[in-house]
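Structural overview
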Amino acid sequence: IHFMNDEVKGLLLSFVGGCNARVTSRSAYGGLQDVFADPDVWEQFSSRAHVNVLRFVHTTVRSEAEIPCYSGLIGTCWATLFVSAGYTVCLYDISSTQLDASRQTILKYLQQLRSDGLSRGSITVEEATKLITTTSTLSEALSNAIYAQESTCEDVEFKKRIFVEMDLCVSSSTILASSTSTIPASKFTGTLTHRYHRSQCLVVHPVNPPLYLALVEIVPAPWTKDETVKKAYAIMKDIGQEPVHLHREVLGFAVNRLQYALLAEAWRLVENDVLSTEDVDKVMSAGLGPRYAIHGPLETAHLNANG
């Protein structure tokens, strides 16, 4: 943002101000902290944010095909995907009100997916009600689990605490995955008490909205076992997602690195008065977007006409 003029900054702030997101510190937004290098912009951004998002989410897949999850937004989406694919889901939250609300949201999402022809399986909404249970005890949620999905706020210290709690509850075969969009798993799993459990940790990052965008980034830590990566990959395929495997950790992973490179050039074109904001968006929506949706940038370049 620091290279933008006041008009362009205002446009971005107007967009962010309507996103209903709360940011309490730059570090809480991980990879975005470099974007908000301008103190004045950060002050405006943080003062306009107004919705608390510090609710954490756990999703686990049991060997009996049961998935406990803490009932936040991303966790509810994960649970919906697993239920749609036929897994039993156990919602985990300290709030019974939130548990009830999340359960109803899952059923609503399932109905919408079926209406749109995008359901991951043949489960009806009526059948889904029998696949969803609830608990307020983390150890119960993780008992005999083969897979756990953490989706807390983008804060390293907070994630460290959550993974320590999960570390104490799981077996040596449980996959411990994080939904983080920016923080490498090595930042919050390196000091786990049970060192053999850290080899079961990795990032499994969904693209928002997960119900309609199938891409999932799988990013192992340096100590993550190959077996853990393969199992996580297989589980994602089983619920209808499209995983990509990053061979090593890089800040921002793949999605954010690509989209921020594009966003930086988009703002530069506006900043230099080359294109209007509307025409920049049109370049993507009427040109590059549909093209890349079919082939992707590298395959497009390979298949493009010579010269």
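Computed from a predicted structure; not experimentally measured.

A count of helical and extended segments in the protein chain gives 13 helices and nine strands. Taken across its 307 residues, the protein chain has 45% of its residues classed as buried. Across the protein chain, every contact between residues at least 6 apart in sequence was considered, and the portion connecting residues at least 24 apart equals 68%. Surface exposure of the protein chain reaches about 15500 Å², of which carbon and sulfur atoms provide 53%.

Turning to the pattern of salt bridges, a few remarks are in order. Applying the stated criterion across every chain yields a total of seven salt bridges. When the shortest N-O distance is used, the salt bridge between lysine 159 and glutamate 154 registers 3.8 Å. By relative accessible area, glutamate 154 is classed as buried at 15%. Across the pair aspartate 279 and lysine 282 runs a salt bridge whose closest N-O atoms are separated by 3.9 Å. With aspartate 279 and lysine 282 both in helix H12 (residues 277-294), this residue pair falls three residues apart, about one helical turn. Taken together, the shared-partner salt bridges in this structure form one network comprising Glu150, Glu154 and Lys159.

Contact geometry for helix H11 (residues 255-271) and H12: axes closest at 9 Å, N-to-C directions at 140°. Taken together, the axis directions place H11 and H12 in an arrangement best described as oblique. Judged by the sense of rotation from one axis to the other, the crossing of H11 with H12 is right-handed. For the pair H11 and H12, contact is made by Leu262, Ala266, Leu269 and Val270 and by Thr277, Val280 and Met284, respectively. For the contact of H11 with H12, the class distribution of residues is six nonpolar, one polar and no charged.

Okay, the pairing of strand E5 (residues 145-150) next. The side chains of a regular strand alternate, first on one face of the sheet and then on the other. Taking burial as the measure, the six residues of E5 include five buried ones, the bulk of the element. Where E5 and strand E6 (residues 175-178) come together, four bridges link them in parallel fashion. Bridge assignment links tyrosine 147 to a residue of E6, and that residue is isoleucine 175. Taken together, E5, helix H7 (residues 156-167) and E6 form a β-α-β motif whose crossover is right-handed.

What follows is about H12. The terminal C-alpha atoms of H12, which comprises 18 residues, lie 25 Å apart, in line with the 26 Å expected from a rise of 1.5 Å per residue. Of all the bends found along H12, the most pronounced is centred on leucine 288 and spans about 45°, while proline 290, a proline, follows it within four residues. Note on H12: the residue one or two positions beyond its end, glycine 296, has a positive phi of about 85°.

Backbone phi values are negative for most residues with the exception of glycine, while trans is the configuration of most peptide bonds. Residue proline 209 follows asparagine 208 across a cis peptide bond; omega there is 0°. Here proline 209 shows up in the loop between strand E7 (201-206) and strand E8 (215-220). For phenylalanine 253, which is not glycine, the phi dihedral falls at a positive 60°. On the secondary structure map, phenylalanine 253 appears in the loop between strand E9 (242-245) and H11. Located in the positive-phi region is aspartate 273, a residue other than glycine, with phi close to 60°. Structurally, aspartate 273 can be placed in the loop between H11 and H12. Residue classification places aspartate 273 among the exposed positions, given a relative accessible area of 68%.

Definitions and limits used
- Residues numbered from 1 in each chain as written.
- Predicted model: local features only at pLDDT ≥ 70, side-chain atom pairs only at ≥ 80, totals over all residues.
- Heavy atoms only, no water.
- Helix = DSSP H or I, 4+ residues; strand = E, 2+ residues; numbered from the N terminus.
- Buried < 20%, exposed > 50% of the residue type's maximum accessible area, 1.4 Å probe, protein only.
- Contact = heavy atoms within 4.5 Å.
- Areas by Shrake-Rupley, 256 points an atom, 1.4 Å probe, with all protein chains shown as cover.
- Salt bridge = Lys/Arg side-chain N within 4 Å of Asp/Glu carboxyl O.
- Axes fitted to C-alpha atoms, helices over the stretch in contact; angles between N-to-C directions.
- Parallel < 35°, antiparallel > 145°, perpendicular 65-115°, else oblique.
- Left-handed = near helix turned anticlockwise from the far one by under 90°.
- Nonpolar A, V, L, I, M, F, W, Y, C, P; charged D, E, K, R; others polar.
- Pairing = 2+ DSSP bridges.
- Right-handed = clockwise from strand over helix to strand, strands pointing away.
- Expected span 1.5 Å × (residues − 1).
- Bend = angle between axes of the 7 residues up to and from the residue.

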